[in-house]
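Fold and geometry: a report
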Amino acid sequence: MVGDRVDIDEGKIVNILPRKNNLIRPKVANVDKLIIVLAPIPEPDYLLLDKQLIFCLKEGISPIIAVNKADIDVDTTEYVRNAYGKYFLVLSVSAKTSYGIAEFYNKIIGSIVCFAGQSAVGKSSLINALFSLSLETGEMSKKIERGKNTTREARLFDIGGAYIADTPGFSSFEISFPEDELKDVYPEFRDITCEFLDCMHIGEKGCGVKTGSVIDDGRYQRYLKIFNELKSQKKY
Ligand code: GDP
Ligand code: ZN
């Protein structure tokens, strides 16, 4: 698979090293980071964001929340920083003005990364901005032609030491596991104490979750929604 680490002997692959993860769409192994792109326009889908974050934590991928289009509005960044910034890396960027792109580039260097996010949030524009930056540092000379890949195979582009999966956007976020595991993929809950050790934080008496303090209110409401979705799925 694209992303595999292998042993080579006399020009032949003799061994595929264990994969830390193995994604289906895109078909890439060993993804280190998922760049979840949001923007003021189109309006963020925070339920999707939460599912993407859950997916990352389950797959051993470090999420980076990149709030793009900082040139048109910073309210979105502010909200995302408040709701997620304590537990997740949130970057404010603009592909248009290159604001924050250098910091962004530093965060993904040496990693295999995929981009995710709603259509038109600026994923392609960000990849181009990162690519332009790496050109300035003189590490690459080839032009990247994204979106011209007509095969179904994923490819990795080396953007000056960061490997970006060439895909129109990471799209498989089906999450399916026992609902009592959901609490384990919410870093907010690691800091709270509840009366019962196996508390699900869904409104039990003595639960330490005080809405709005350890966890953003909207995010907690979505937690309850996702909990109920998992509970009614039961297909794992
Ligand atoms: P994708 O579908 O996520 O790959 O999004 P695109 O990269 O195609 O961008 C969608 C639209 O948003 C295009 O019209 C871009 O010019 C615009 N766009 C992308 N980044 C920015 C940005 O930082 N600021 C502004 N104002 N517009 C942007
Ligand atoms: Zn609790």
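Residues numbered from 1 in each chain as written. Chains lettered and ligands numbered in written order. Predicted model: local features only at pLDDT ≥ 70, side-chain atom pairs only at ≥ 80, totals over all residues. Heavy atoms only, no water.

Our next topic: the pattern of salt bridges. If you walk through the whole model with that rule in mind, you get nine salt bridges. Measuring nitrogen to oxygen at the nearest pair gives 3.0 Å for the salt bridge that ties Asp32 to Lys20. On the criterion of sequence distance, the pair formed by Asp32 in the loop between strand 2 (12–16) and strand 3 (33–38) and Lys20 in the loop between strand 2 and strand 3 is long-range, its members being twelve residues apart. Asp32 gets classed as buried once you look at its relative accessible area, which sits at 17%. Between Arg219 and Asp50 there is a salt bridge, with its nearest N and O atoms 2.9 Å apart. In this pair, Arg219 sits in helix 5 (residues 217–233) while Asp50 sits in helix 1 (residues 46–59), placing the two residues 169 residues apart along the sequence. Assessed through its relative accessible area of 1%, Arg219 is described here as buried. Exposure remark for Asp50: the relative accessible area of 0% places this residue in the buried category. One network of salt bridges, in which partners are shared, links Asp50, Glu188, Arg219 and Arg222. (Salt bridge = Lys/Arg side-chain N within 4 Å of Asp/Glu carboxyl O. Helix = DSSP H or I, 4+ residues; strand = E, 2+ residues; numbered from the N terminus. Buried < 20%, exposed > 50% of the residue type's maximum accessible area, 1.4 Å probe, protein only.)

In this structure, Ile65, Tyr84, Leu182 and Tyr186 are the most contacted members of the largest nonpolar core, which totals 43 residues. Once residues lying within four places of it in the same chain are set aside, the contact partners of Ile65 are Ile36, Leu38, Leu49, Leu53, Val80, Tyr84, Phe88, Leu89, Val90 and Leu91. Counting 25 residues, the second-largest nonpolar core is a separate cluster that includes Ile101, Phe104, Tyr105 and Ile127. (Core = buried A, V, L, I, M, F, W, Y, C linked by side-chain atoms within 4.5 Å. Contact = heavy atoms within 4.5 Å.)

In this chain, Ile41 is followed by Pro42 through a cis amide linkage whose omega measures -5 degrees. Here Pro42 lies in the loop between strand 3 and helix 1. With a phi angle near 50 degrees, Glu10 is a residue other than glycine that sits in the positive phi range. Relative to the helices and strands, Glu10 resides in the loop between strand 1 (6–9) and strand 2. For Glu10, a relative accessible area of 79% puts it in the exposed group.

A word on the coordination of the zinc ion (ligand 2). Octahedral metal centres with six donors ideally show angles of 90 or 180 degrees, and tetrahedral centres with four donors ideally show 109.5 degrees. The zinc ion (ligand 2) binds to the protein through Cys194 (SG), Cys199 (SG), His201 (ND1) and Cys207 (SG); the donor distances cover 2.1 to 2.3 Å. Coordination at the zinc ion (ligand 2) is tetrahedral: its four donor atoms span angles of 97 to 116 degrees at the metal. Of note, the donors binding the zinc ion (ligand 2) are all from one chain and are spaced C-x4-C-x1-H-x5-C. For the pair shown, Cys194 and His201 are each scored as buried. (Donors = N, O, S within 2.8 Å, 3.2 Å for Na, K, Ca; no water. Tetrahedral: all angles 85-135°; square planar, octahedral: opposite > 155°, others 65-115°.)

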